[in-house]
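Working through the structure, step by step
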Amino acid sequence: MRKSTDRLETLRRAAEAYGADPARWPASSREELGDLLDTDEAAGILAEEEFLDGFLNAASAPRMSEDLTNRIMAGYEAPKTPAGVFDFLRTLAPGMRLLPAGALAGFGALGLATGIMSASAQEPLTPEYEALAYVNDLSVATLNEDGELEWDAE
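To start, this report covers the structure provided alongside it. (Residues numbered from 1 in each chain as written. Predicted model: local features only at pLDDT ≥ 70, side-chain atom pairs only at ≥ 80, totals over all residues. Heavy atoms only, no water.)

1. Observations concerning the overall build of the protein
Using the following cut-off: Secondary structure counts use DSSP, requiring at least four H or I residues in a row for a helix and at least two E residues in a row for a strand, with both numbered from the N terminus. In this scheme, a residue with accessible area under 20% of its type's maximum is buried, one over 50% is exposed, and one in between is partly exposed, where area comes from a 1.4 Å probe on protein chains only. Only heavy atoms matter for contacts: two residues are in contact if any of them lie within 4.5 Å across the pair. Here the accessible surface of atoms and residues is derived via Shrake-Rupley with a 1.4 Å probe, and residues count as covered only by protein chains that are part of the display.
Along the backbone of the protein there are 7 helices and 2 strands. Each helix and strand of the protein, ordered N terminal to C terminal, gives the series α-α-α-α-α-α-α-β-β. Evaluated residue by residue, the protein yields a buried proportion of 12% over its 154 residues. Contacts in the protein between residues far apart in sequence, at least 24 positions, make up 39% of those at least 6 positions apart. With the model as given, the accessible surface of the protein reaches about 13100 Å², and the carbon-plus-sulfur share is 60%.

As structure tokens, then:
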């Protein structure tokens, strides 16, 4: 019984959304509810929606007076077409006025973020390790077991 009630509710939602004529329903809804359309409950639901469909079809759209249309149209100017390329670029100029300032601020923020990330990624060096880093490519220098620099004189 529960399944039948759910299907009747689905039928009611489909009829409310698409109208009482199943031909106007999506194909999936017609296939799902096709066997239910012959029942008395479905006929009652479709009769209610058919009354609403007739009421909506009989209603007419409100008509505006000619005077109201003229007053609305008088409030608008026809858009002016640009005379050439320079006029077109001039219309874009107000929006591009802040472009250099925005670019400068963006590059500044990018530089600041890069500096912060690179500074936090480095470990502080002791003077011995820093000296080793400078001379490592120039000569043969190594650290002994005590952590002191050894210079190879050869």
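2. Description of the nonpolar core
Across soluble globular proteins, nonpolar side chains have a tendency to be buried as a group. Defined as follows: Among the buried residues, those of types Ala, Val, Leu, Ile, Met, Phe, Trp, Tyr and Cys that are joined through side-chain atoms within 4.5 Å form a nonpolar core.
Judged by nonpolar contacts, L8, L11, A14, A15, W25, L33, L36, A42, I45 and L46 together constitute the single largest core of 10 residues. The leading source of residues in this core is helix 1 (residues 2-18), at 4 residues. Other than its neighbours up to four places away in sequence, L36 contacts R7, L8, L11 and A42.

3. Section: a negative patch on the surface
Filter applied, for reference: Note on patches: the residues involved have over 30% relative accessible area and no salt bridge, like charges join within 9 Å, and the nonpolar side chains Val, Leu, Ile, Met, Phe, Trp and Tyr join within 5 Å. By salt bridge we mean one thing: a side-chain nitrogen of Lys or Arg within 4 Å of a carboxyl oxygen of Asp or Glu. His is not counted, nor are the chain ends; Lys and Arg add positive charge and Asp and Glu add negative charge. Every charge is mapped onto a representative atom, which is NZ of Lys, CZ of Arg, CG of Asp or CD of Glu.
Residues E128, E145, D146, E148 and E150 make up a contiguous surface patch of negative charge. Inspection of the secondary structure assignment puts D146 in the loop between strand 1 (141-143) and strand 2 (149-151).

4. Here we look at the pattern of salt bridges
Within this structure, the stated rule accounts for 4 salt bridges. D53 is the salt-bridge partner of R24, the closest N and O atoms lying 3.6 Å from each other. With R24 in the loop between helix 1 and helix 2 (27-33) and D53 in helix 3 (residues 40-58), this residue pair connects regions lying 29 residues apart in the sequence. The class for R24 is partly exposed, based on a relative accessible area of 49%.

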